[in-house]
Amino acid sequence: MAISAYEQGLIKQAVLGDEASFEALIFSCKGKAYSIAFRYLGNKEDALDALQESFIKIYRHLGKFNFESSFDTWVYRIVVNTCNDMLKKSKKRLETFEFSNGKDQFTQKEIPDSDLLPEERLIHKEESAHILNCLEKIPIEQKEILILRDIQGFSYEEIGAILKCNTGTVKSRISRARQRLREVYVMEQK
Amino acid sequence: MVQLEGKKMNCSEIRELMPLMVDDMLEQEQKEMVENHLLTCDACKQELESHLLIAGLLKELADVPLPEEFDANLRKKLQSLKPPAKKRNWIRYSTLAAIFLVGIFSIALYNDTNTAPVPPTEEFGMAATTMMTADQEAENPTQRMLKMAEPEVDEELNQYLELLEEMYKGKTYQVIGWTKESPQIYRINIEVETIMGTEAISKEAITYKGQDGVLCRTE
């Protein structure tokens, strides 16, 4: 993928330790990166930790960027990997893998209201909360692909570049993930 | 049920294709099969509607705005990554220096048939009248070499060493030494250990060249 001369220049300066160049480099992708981490980990504190850890890794290993993908794609890949690492370490997912016993598990979870966006609270509170709850109940690999495709809107090709797999694999993962999420959604509604 | 070249899909097969209908990612022929099936199958039609509903709900989960404090915190953290290199890396470099110099000392000891005269203790700030045992005498040349050969520490070299750490994560390797050929070019020699089978250990000496932020293996 082509990378602009401007970005190349920023990368070169950042490799030499210029923090301002690094901040300019990440300006366009940090918002989306945070959004990915937030949806992945479910709360602001963990998402901020993951994001900072990701950018520190990127800063320290900028010399390893091989220009085979766009810089933003590389960032998102590292963020996804960092989130996966954090989940493995904390094993929080184990607490949320239990299927509903009829109670609304979302209200029992740790996500405070302050972590929901205003529109989620006021307009689509029940629906958004319900779908987020269902999302927490599918395997992390399936949640990951739905975050990238259905929430963040990456194309199949972009997802393939982020996750380093071909489009065929992306298709089959999306298919399985959507089927699984639908099963949970329908079951939760009963 | 419309048949295409004699092929007819049942509900189970149609449901397999439905998730990709959401993004219009089916082949044209598959898409037509699904659409034709849905004309006469309410159950599958409802299933597709639920897929579209769920995809819509996920899409409506807006981007979460980046908290304002993030930029300042990241800046602070980036700045904290650049302490005086010596202070940050004294453990690593003194350990590397010790390995390097113990090696030199061992060679020197092997080649030297006569015990080297103990240098004046004043050089190390020790009392001149201190009586030294054979062990203490043996330590002095090493201490002297450690002091004399304290490596020059800079950020660029440290970056290359960190790259090596990342590259050889999970593997056993040892930095044997390095040279600085010019202000921008470093040569770093490492030895990588690989376990062959159950007992044999293979060691491979590799040299890396670091230049302009890029680390390359050299032949």
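Residues numbered from 1 in each chain as written. Chains lettered and ligands numbered in written order. Predicted model: local features only at pLDDT ≥ 70, side-chain atom pairs only at ≥ 80, totals over all residues. Heavy atoms only, no water.

## Looking at the overall build of chain B
Per the secondary structure count, chain B includes seven helices and four strands. The secondary structure elements of chain B, listed N-terminal to C-terminal, are α-α-α-α-α-α-α-β-β-β-β. The buried share of chain B, reckoned over its 219 residues, is 32%. Of the contacts formed within chain B by residues at least 6 apart in sequence, a portion of 49% connects residues at least 24 apart. Accessible surface, chain B as shown: approximately 14200 Å² in total, 53% of it carbon and sulfur. (Helix = DSSP H or I, 4+ residues; strand = E, 2+ residues; numbered from the N terminus. Buried < 20%, exposed > 50% of the residue type's maximum accessible area, 1.4 Å probe, protein only. Contact = heavy atoms within 4.5 Å. Areas by Shrake-Rupley, 256 points an atom, 1.4 Å probe, with all protein chains shown as cover.)

## What about unusual backbone geometry?
Within the chain, K164(A) stands out as a residue other than glycine whose phi angle is a positive 55°. Take K164(A): it is sitting in the loop between α11 (156-163) and α12 (167-189). Look at D24(B): it is not a glycine, yet its phi comes out positive at around 55°. Relative to the assigned elements, D24(B) resides in the loop between α1 (11-21) and α2 (28-38). On the basis of relative accessibility, which here comes to 46%, the residue D24(B) falls in the partly exposed class.

## Describing the interface of chain B and chain A
Accessible area lost when the parts come together is the quantity often used to give the size of an interface. Between chain B and chain A, the contact holds 40 residues from the first and 45 residues from the second. A buried area of about 4200 Å², summed over both sides, lies between chain B and chain A, and 63% of it is on carbon and sulfur atoms. Across the pair R60(A) and E162(B) runs a salt bridge whose closest N-O atoms are separated by 3.2 Å. Viewed at the interface, chain A and chain B are joined by 13 residue pairs in polar contact (both at pLDDT 80 or more). Sorting the residues of the side of chain B that touches chain A by element identifies α1, α3 (42-60), α4 (69-80) and α7 (155-167) of chain B as the ones contributing at least two each. (Buried area = accessible area lost by both parts, 1.4 Å probe. Salt bridge = Lys/Arg side-chain N within 4 Å of Asp/Glu carboxyl O. Polar contact = N/O pair within 3.5 Å; in protein donor to acceptor, adjacent residues only side chain to side chain.)

## Considering the packing of α1(B) against α3(B)
Residues and elements named next belong to chain B. Packing of α1 against α3 leaves a shortest axis separation of 10 Å and a crossing angle of 25°. Taken together, the axes of α1 and α3 are roughly parallel relative to one another. Once α1 is placed against α3, the crossing between them reads as right-handed. Contact residues: α1 offers C11, I14, R15, M18, P19 and M21, while α3 offers C44, E47, L48 and H51. Residue composition of the contact of α1 with α3, grouped by class: seven nonpolar, one polar and two charged. (Axes fitted to C-alpha atoms, helices over the stretch in contact; angles between N-to-C directions. Parallel < 35°, antiparallel > 145°, perpendicular 65-115°, else oblique. Left-handed = near helix turned anticlockwise from the far one by under 90°. Nonpolar A, V, L, I, M, F, W, Y, C, P; charged D, E, K, R; others polar.)

## What to know about the nonpolar core
Looking at soluble globular proteins, one finds that nonpolar side chains tend to be buried together. Within the largest apolar cluster, 80 residues are counted, with the highest numbers of intra-cluster contacts made by F55(A), L62(A) and F71(A). The element that contributes the greatest number of residues to this core is helix α5 (residues 71-90) of chain A, accounting for 10 residues. Setting aside chain neighbours within four positions, we find F55(A) in contact with F22(A), I26(A), K30(A), A33(A), V75(A), F70(B) and L74(B). Residues L157(B), Y168(B), V175(B) and L215(B) belong to the second largest nonpolar core, which totals 15 residues. (Core = buried A, V, L, I, M, F, W, Y, C linked by side-chain atoms within 4.5 Å.)

## Observations concerning the packing of helix α2 (residues 19-26) of chain A against α4(B)
Describing two packed helices takes the angle between their axes plus the distance from one axis to the other. α4(B) packs onto α2(A) with a crossing angle of 140° between their chain directions and a minimal axis gap of 11 Å. Judged on the interaxial angle alone, α4(B) and α2(A) are oblique. Seen from above, α2(A) lies across α4(B) with right-handed handedness. Between α2(A), through E19(A), F22(A), E23(A) and I26(A), and α4(B), the contact on the second element is made entirely by L74(B), R75(B), L78(B) and Q79(B). When the residues that make up the contact of α2(A) with α4(B) are grouped by side-chain class, the tally is four nonpolar, one polar and three charged.

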